[in-house]
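Here is what each chain is made of, one letter per residue.
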2 protein chains.
Amino acid sequence: MTHPARRLSHRRPTIADIARRAGVSKGAVSYALNGRPGVSEETRRRILAIAAEVGWQPNSAARTLSGALCNVVGLALSRPARVLGIEPFFMALVSGLEAELHAHDYGLTLQIADGHASELAVYRRWWAERRVDGVLVCDLRVDDPRVPVLEELGLPAVVIGGPGHTGDLTSVWADDSAPLTETVEYLYALGHRRIAHVAGLSELLHTRVRTAAFHEVTSRLGLSDAITLSSDYTGEAGARITRRLLSSPNRPTAIVYDNDIMAVAGLSVAQELRVDVPGELSIVAWDDSPLCRLTHPALTALGRDIPAYGALAARRLLDVISGAAPAAHRDAPAELTIRGSTGAPDAKRATR
Amino acid sequence: MTHPARRLSHRRPTIADIARRAGVSKGAVSYALNGRPGVSEETRRRILAIAAEVGWQPNSAARTLSGALCNVVGLALSRPARVLGIEPFFMALVSGLEAELHAHDYGLTLQIADGHASELAVYRRWWAERRVDGVLVCDLRVDDPRVPVLEELGLPAVVIGGPGHTGDLTSVWADDSAPLTETVEYLYALGHRRIAHVAGLSELLHTRVRTAAFHEVTSRLGLSDAITLSSDYTGEAGARITRRLLSSPNRPTAIVYDNDIMAVAGLSVAQELRVDVPGELSIVAWDDSPLCRLTHPALTALGRDIPAYGALAARRLLDVISGAAPAAHRDAPAELTIRGSTGAPDAKRATR
DNA sequence: GCAGCCTACTGAACCGGGTAAGCACCCGGT
DNA sequence: ACCGGGTGCTTACCCGGTTCAGTAGGCTGC
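Residues numbered from 1 in each chain as written. Chains lettered and ligands numbered in written order. Predicted model: local features only at pLDDT ≥ 70, side-chain atom pairs only at ≥ 80, totals over all residues. Heavy atoms only, no water.

A. Quick look at the overall build of chain A. Looking only at helices and strands, chain A features 15 helices and 12 strands. Taking 20 Å as the expected radius of gyration for a compact globule of 352 residues, we find that chain A reaches 26 Å, considerably beyond that expectation. In terms of overall dimensions, chain A has C-alpha extents of about 90 × 45 × 40 Å along its principal axes. Residue burial in chain A is summarised as follows: out of 352 residues, 56% are buried. Taking as baseline every contact in chain A between residues at least 6 positions apart, the subset at least 24 positions apart corresponds to 71%. Roughly 14,300 Å² of accessible area belongs to chain A as shown, and the carbon and sulfur atoms make up 53% of that amount. Computed over 39 positive and 39 negative side-chain charges, the separation of the two mean positions in chain A equals 6 Å. (Helix = DSSP H or I, 4+ residues; strand = E, 2+ residues; numbered from the N terminus. Rg over C-alpha atoms; globule rule 2.2 N^0.38 Å. Buried < 20%, exposed > 50% of the residue type's maximum accessible area, 1.4 Å probe, protein only. Contact = heavy atoms within 4.5 Å. Areas by Shrake-Rupley, 256 points an atom, 1.4 Å probe, with all protein chains shown as cover. Lys, Arg positive; Asp, Glu negative; His and termini not counted. Charge placed at Lys NZ, Arg CZ, Asp CG, Glu CD.)

Laid out in structure tokens, this is it:
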């Protein structure tokens, strides 16, 4: 690349400087600073004192070059920026990742890619240039093409998602099936018989899992009017689908949305159409972010501790990097928090 | 650190391997791969062909060690995770940064700190360990303590915010004064005489700028009831303050919120209190994210192209890294988009 | 009294690139 | 015939750590 005029400020001290001042060799300094045997306690203390005095910090490039890890992990996201921007999920995940990585002196590098192909190119480059020790993979799909490539590269990775479809890679996942079933049963108990499910991107594994669970429970309960509609997680899609659902004959009395953004948009459409929530329509959001408490009525939501999920993923990735065998780690499932957006359907108004 | 069993996969090819296969020296390979003079066209082609064939990629640590830049910039954020999570601003900024950095083969490392002290510690470490070539600084404060430290470190930096208070650091900023003035004048023209401003964190420079502009325009227009209240950008704070404002005697007929989250919360409180929007209360949000279009009515908002702002910041940081002199770069100001949440105050209902 | 061993260190190689200096070789001019 | 000056390449060393194979010196044991 180019070679800009580099401001020299003050040249950083190196172990050679420390060695000179301590009157020992570079090797001795290295042993002392890394807490390894090979120097006397007294010499070690002297070297550490000098290092502290001159403000020495190891040059990460030099360390990495001589075989060490680079203490960085990568996260590449393929969703378009406009979705990433509003979904609180990712920032919450990142903050959890970050906290755990930071505690282990690891850094996080972030890259926003546009599609699986460019995401895979990012992984290849990161690994070839030795820029990361491992990566975190989000938005797992059914038969995800990234899995075999990562396996072949030998790049340590943790897949955030499951169950299954992760090959021999380590994964971190939560069961979405039981919470969805519980939610539908709760709506059924309230008296709802026409329930709709506004799902996320249909190629994502967890969309499949939730959709399957929805079909299973609704057919078990004999709800023939149950319907699942796919979307792309945006508010626009949520609004559009809700408008369609609410203007259909035999409209649903309850809708379960696969993320909070769509649920908020759905609530707003209901208000626009003067459909009372929860009197005529109950709304449940998947992902319980502060957003769900901002609306009126506040949204009943399926929430999980996302930062903790991120922290778990980070911890498992560090394990994989230090040689742990692949495993699937199950996190706590989402829990339903009841708020004002759900209730018994108002018999007079909802029926027609 | 520890030395884990590293999976060797296949040893990455180095320039020495290429040199051997091409029957030339390492030096010649380096010249060829970097497009520098010193090798014949024919040899260069042969070397490039071999490099492509074996899939050679430069080892970033080796490059960095021999004096090159590391092609990474850092972003440390000090806001608590729960705020970062819902504010679409940061992800939008990051996506703009990312796009521009990626185009110049630069990576982004992200760190969430808890407070200025630990943020500064992050900068020091990044710089001492040569992990970044420069940093981006957000949430500029009045007399920000980070500025002198960064200047002293000699760490290339671009401050996102202003005007002023950036010392000799390069900055990227947008004028918030004119848009706020324009907004108040618009509300005045609609007939509003009691206008409130729900500001963000009072120590942030842009909060000061907006608050000053609000005072200036309201006193110029002779609005004695104008009031500014500070908050922390969370929905809870926005709701609390709105509740207080709306239940006061002589309640405002229009409120300008310093972010979209608070505006959404404010709208929801108005609905809860059966205050008609925009009939009895007009609402304007600063930051026009998709969130503003999700509510009913949709929010009139002051919006800017945040990804473009991020891209500008990234571009300027790359300039600084390659030796450009410090400068303050002004970005386009926010523009007011009128939607359903503002209108003329309904004389009968709003007066009392 | 000296082999044997441990401790505490030194010296040098190594990681994988970049680069300055040196050196053949060829060509053209006088 | 000889010098000058470019090509086109090699050699050697640098960056700042880690690490391995010595080695000097002291202590122990018989």
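From this point, things continue past the structure.
B. Region of the structure containing the environment of G343(A). Within the fold, G343(A) resides in the loop between β12 (335-337) and α15 (347-350). A sequence separation of 33 residues divides G343(A) from G310(A), and the C-alpha atoms of the two residues are 33 Å apart.

C. Geometry of helix α11 (residues 235-246) of chain A. The end-to-end C-alpha separation of α11(A) is 16 Å, in line with the 16 Å expected for 12 residues at 1.5 Å each. Burial in α11(A) covers these residues: G235(A), A237(A), G238(A), A239(A), I241(A), T242(A), L245(A) and L246(A). (Expected span 1.5 Å × (residues − 1).)

D. Representation of the protein's contact with DNA strand C. Near DNA strand C there are 27 residues, and of these S25(A), S40(A), T43(A), I15(B) and R63(B) occur at the shortest range. Each atom of DNA strand C within 4 Å of the protein belongs either to a base or to sugar and phosphate, the latter forming 60%. Y31(B) places a side-chain nitrogen or oxygen 3.2 Å from a base nitrogen of DNA strand C. The separation between a phosphate oxygen of DNA strand C and a polar side-chain atom of N34(B) is 3.1 Å. Breaking the surface near DNA strand C down by element, the ones donating at least two residues are α2 (26-33) and α4 (60-65) of chain B. A per-element tally of the surface near DNA strand C places α2(B) first, with four residues. Its residues placed into classes, the surface near DNA strand C shows 10 nonpolar, 14 polar and three charged. (Near = heavy atom within 4 Å. Polar contact = N/O pair within 3.5 Å; in protein donor to acceptor, adjacent residues only side chain to side chain. Nonpolar A, V, L, I, M, F, W, Y, C, P; charged D, E, K, R; others polar.)

E. Molecular detail of the relation of the copies chain A and chain B. Of the two same-sequence chains, chain A is brought onto chain B (RMSD 0.1 Å, axial shift 0.1 Å) by a rotation of 180°. With respect to symmetry, the two chain copies, as superposed, fit the operation of a two-fold axis. Most of the interface of chain A is mirrored in chain B: 100% of its interface residues are interface residues there too. (Least-squares fit on C-alpha atoms with pLDDT ≥ 70 in both.)

F. Broad picture of the domain arrangement of chain A. For chain A, the assigned domains are domain 1 (15-58), domain 2 (72-170 + 306-329) and domain 3 (177-304 + 336-350). Placing a centre on the C-alpha atoms of domain 1 of chain A and another on those of domain 2 of chain A gives a separation of 37 Å. (Domains from an automatic or database assignment.)

G. Examining the interface of chain A and chain B more closely. Counting residues at the interface gives 63 residues for chain A, matched by 63 residues for chain B. Both sides of the chain A and chain B interface together cover about 6,400 Å² of buried area, and 58% of this is carbon and sulfur. For the pair chain A and chain B, the interface holds two salt bridges. The closest approach of N and O atoms between D105(A) and R125(B), which form a salt bridge, is 2.8 Å. (Buried area = accessible area lost by both parts, 1.4 Å probe. Salt bridge = Lys/Arg side-chain N within 4 Å of Asp/Glu carboxyl O.)

H. The protein's contact with DNA strand D, seen in detail. Near DNA strand D, the surroundings consist of 26 residues, among which S30(A), Y31(A), R63(A), S25(B) and S40(B) are the closest. Within 4 Å of the protein, the atoms of DNA strand D are drawn from sugar and phosphate moieties in a proportion of 60%. For DNA strand D, a phosphate oxygen lies 3.0 Å from a polar atom in the side chain of N34(A). Contact distances for DNA strand D include 2.6 Å between a phosphate oxygen and a side-chain N or O atom of S25(B). If you tally residues by element for the surface near DNA strand D, the top one is helix α2 (residues 26-33) of chain A, at four residues. In terms of residue class, the surface near DNA strand D is built from nine nonpolar, 14 polar and three charged.

I. Representation of the UniProt feature "domain: HTH lacI-type" (unreviewed entry) in chain A in the model. When the UniProt feature table is mapped onto this chain, "domain: HTH lacI-type" (unreviewed entry) is found at residues 13-67 of chain A. For residues 13-67 of chain A, helix accounts for 65% and strand for 0%, while the C-alpha atoms at its two ends are 21 Å apart. (UniProt positions renumbered as here; feature names shortened; annotations may be inferred.)

J. Molecular detail of the confidence of the model for chain A. Across chain A, pLDDT averages 92, with 95% of residues at or above 70. Contacts for the low-pLDDT stretch residues 1-8 of chain A, under 50 throughout, to residues beyond four places or in other chains number 15 contacts. (pLDDT = per-residue confidence, 0-100.)

K. Broad picture of unusual backbone geometry. All names here are of chain A. Cis rather than trans, the peptide bond between G162 and P163 has omega equal to 5°. Summarising the element assignment, P163 is placed in the loop between β4 (157-160) and β5 (170-174). The omega torsion across V277 and P278 is 10°, close enough to zero to call that bond cis. Checked against the element boundaries, P278 lands in the loop between α12 (260-272) and β9 (282-286). Located in the positive-phi region is H165, a residue other than glycine, with phi close to 65°. Within the fold, H165 resides in the loop between β4 and β5.

L. Geometry of the sheet that holds strand β7 (residues 227-230) of chain A. All names here are of chain A. Strand order in the open sheet made by the six strands is β7-β6-β8-β9-β10-β12, with mixed pairing throughout. A strand with exactly one partner marks an edge of an open sheet, and here the two such strands are β7 and β12. Neighbouring strand axes in the sheet, compared pairwise and without regard to direction, differ in orientation by 20° on average. Looking at chain direction, strand β8 (residues 254-257) and β9 are connected through four bridges and run parallel. Paired with A254 across the bridge in β9 is S282. Contacts between helix α10 (residues 205-220) and the sheet are confined to β6 (195-199), β7 and β9, with β6 contributing the most and set at about 170° to the helix. Those strands touched by α12 are β6, β8 and β9, and its axis lies near 160° from that of β9. (Pairing = 2+ DSSP bridges. Axes fitted to C-alpha atoms, helices over the stretch in contact; angles between N-to-C directions.)

M. Structural view of the packing of α2(B) against helix α3 (residues 41-54) of chain B. Residues and elements named next belong to chain B. For the pair α2 and α3, interaxial distance at closest approach is 9 Å and the crossing angle is 85°. In this view, α2 runs roughly perpendicular relative to α3, as classed from their interaxial angle. Two secondary-structure elements touch here, α2 through A28, V29, Y31, A32 and L33 and α3 through R44, I47, L48 and A51. Grouping the amino acids of the contact of α2 with α3 by side-chain chemistry returns eight nonpolar, no polar and one charged. (Parallel < 35°, antiparallel > 145°, perpendicular 65-115°, else oblique.)

N. Structural view of the packing of aromatic side chains. Under the counting rule described, the total for this entry stands at four aromatic pairs over all chains. Where Y123(B) meets W126(B), the ring centres are 6.3 Å apart and the plane angle is 55°; that geometry is what we call tilted. Separated by three residues within a single helix, Y123(B) and W126(B) lie in helix α7 (residues 116-128), roughly one turn from each other. Comparing Y123(B) with W126(B), the two get one shared label, buried. Just above the ring of W286(A) sits the side chain of R210(A); from NZ or CZ to the centre is 3.8 Å. (Phe/Tyr/Trp six-rings, centres within 6.5 Å; stacked < 30°, edge-to-face > 60°. Lys NZ or Arg CZ within 6 Å of the ring centre and 35° of its normal.)

O. Region of the structure containing the pairing of strand β10 (residues 300-303) of chain A. Residues and elements named next belong to chain A. Burial along β10 is two-sided: T300 and L302 facing one way and A301 and G303 facing the other are all buried. Bridge analysis of β9 against β10 gives three bridges, and the strand direction is parallel. Along β10, the bridge assignment pairs V284 with T300. Pairing geometry for β10 and β12, over three bridges, is antiparallel. In the strand pairing of β12, A301 is matched with T337.

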